[in-house]
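Survey of secondary and tertiary structure
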Amino acid sequence: VGLVMYGLNDQGAGTSRLVYTQQHEWVVRKLRDIGAEAVFLRPTPDIDGDGVPEYAVRTVGFGESLVPVAERLGVPLVDTFAAVWGDGGPDLVAARRNLWTMFPTHYSKSFTTLLETEGKGDTIHPNALGQLAIARAVYHRLVSGQRDPDLSLAGRTRWMADGPVTT
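Residues numbered from 1 in each chain as written. Predicted model: local features only at pLDDT ≥ 70, side-chain atom pairs only at ≥ 80, totals over all residues. Heavy atoms only, no water.

**Remarks on the pattern of salt bridges**
As enumerated under the stated definition, the model contains 4 salt bridges in all. Notably, a salt bridge pairs E37 with R32, separated by 3.4 Å at the nearest N-O pair. (Salt bridge = Lys/Arg side-chain N within 4 Å of Asp/Glu carboxyl O.)

So this is what it looks like as structure tokens:
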């Protein structure tokens, strides 16, 4: 079984969602060529963004683009974004702060403690707590065979003099 999750680096590199989904299809074909199956994992939140809380949800669109691909190919899709997101918060600033416990304090200390709460360091690769939330979501999806309810987020983008502003 190949667990396939990527998206943050693709987004940062300017990869289109079309190419992103085509890459997933390619991985599925290659896995099936060797007799393995794929499981898609939605990209997790990004709590960096230099203080811009909207970055936390910037991978939602990439995760959504996997839905029709997973259905067409018969590949389970696990909402690992929602698993790490948890209860979120009353706004994106609070939600981002609540995610700090799921991410390590530094790139070189990825899995040193379960009590990382400083909100700095590696802000896209979850720590042991985040990995546990992901593992539980994968297990639940594969054992139950049911899709988890979609995470509901509301937002609005307005074009301002300096460019788009998302709230």
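**Describing the side chain of R42**
Relative to the helices and strands, R42 resides in the loop between strand 2 (38-41) and helix 3 (60-73). In terms of polar contacts, R42 uses its side chain to reach the side chain of E64, at 2.7 Å. (Helix = DSSP H or I, 4+ residues; strand = E, 2+ residues; numbered from the N terminus. Polar contact = N/O pair within 3.5 Å; in protein donor to acceptor, adjacent residues only side chain to side chain.)

**Concerning the layout of surface pockets**
Of the volumes computed, that of the second largest pocket is approximately 220 Å³. Along the walls of the second largest pocket sit M5, Y6, G7, L8, N9, P43, T44, I124, H125, P126, Q131 and I134, which together make up its complete lining. Listing elements by their share of the lining of the second largest pocket, those giving two or more residues are helix 1 (8-12) and helix 6 (128-144). Of the residues belonging to the lining of the second largest pocket, the class tally is 7 nonpolar, 5 polar and no charged. (1 Å grid on protein atoms, 1.4 Å probe; cavity = no way out; pocket = protein on both sides within 12 Å on 5 of 7 lines; lining within 4 Å. Points joined across faces, edges and corners; volume = space filled by probe spheres on them. Nonpolar A, V, L, I, M, F, W, Y, C, P; charged D, E, K, R; others polar.)

**Remarks on helix 5 (residues 92-99)**
An α-helix turns once every 3.6 residues. As a result, residues three or four positions apart point the same way. Along helix 5, the residues classified as buried are A94, A95, R96 and L99. Here the buried face of helix 5 lies against helix 4 (80-85). The N-capping residue of helix 5, defined by a side-chain oxygen 3.1 Å from the backbone nitrogen of V93, is D91. (Buried < 20%, exposed > 50% of the residue type's maximum accessible area, 1.4 Å probe, protein only. Contact = heavy atoms within 4.5 Å.)

**Describing the packing of aromatic side chains**
Enumeration according to the criterion identifies 3 aromatic pairs in this entry. A centroid spacing of 4.6 Å and a plane angle of 55 degrees characterise the contact between Y20 and F62, whose relative ring orientation is tilted. Taken together, the residues span a long stretch of sequence, with Y20 in helix 2 (residues 17-33) and F62 in helix 3 at a distance of 42 residues. (Phe/Tyr/Trp six-rings, centres within 6.5 Å; stacked < 30°, edge-to-face > 60°.)

**Some words on the sheet that holds strand 1 (residues 2-4)**
A sheet is described by the order of its strands in space; here 3 strands give the open sequence 1-2-3, paired in parallel fashion. Edge positions in the open sheet fall to strand 1 and strand 3 (77-78), since each of these has one partner strand only. Here 3 bridges tie strand 1 to strand 2, and the two strands are oriented parallel to one another. If you follow L3 over to strand 2, its bridge partner there is V39. Against the sheet, helix 3 touches strand 2 and strand 3, its axis set at about 160 degrees to strand 2. (Pairing = 2+ DSSP bridges. Axes fitted to C-alpha atoms, helices over the stretch in contact; angles between N-to-C directions.)

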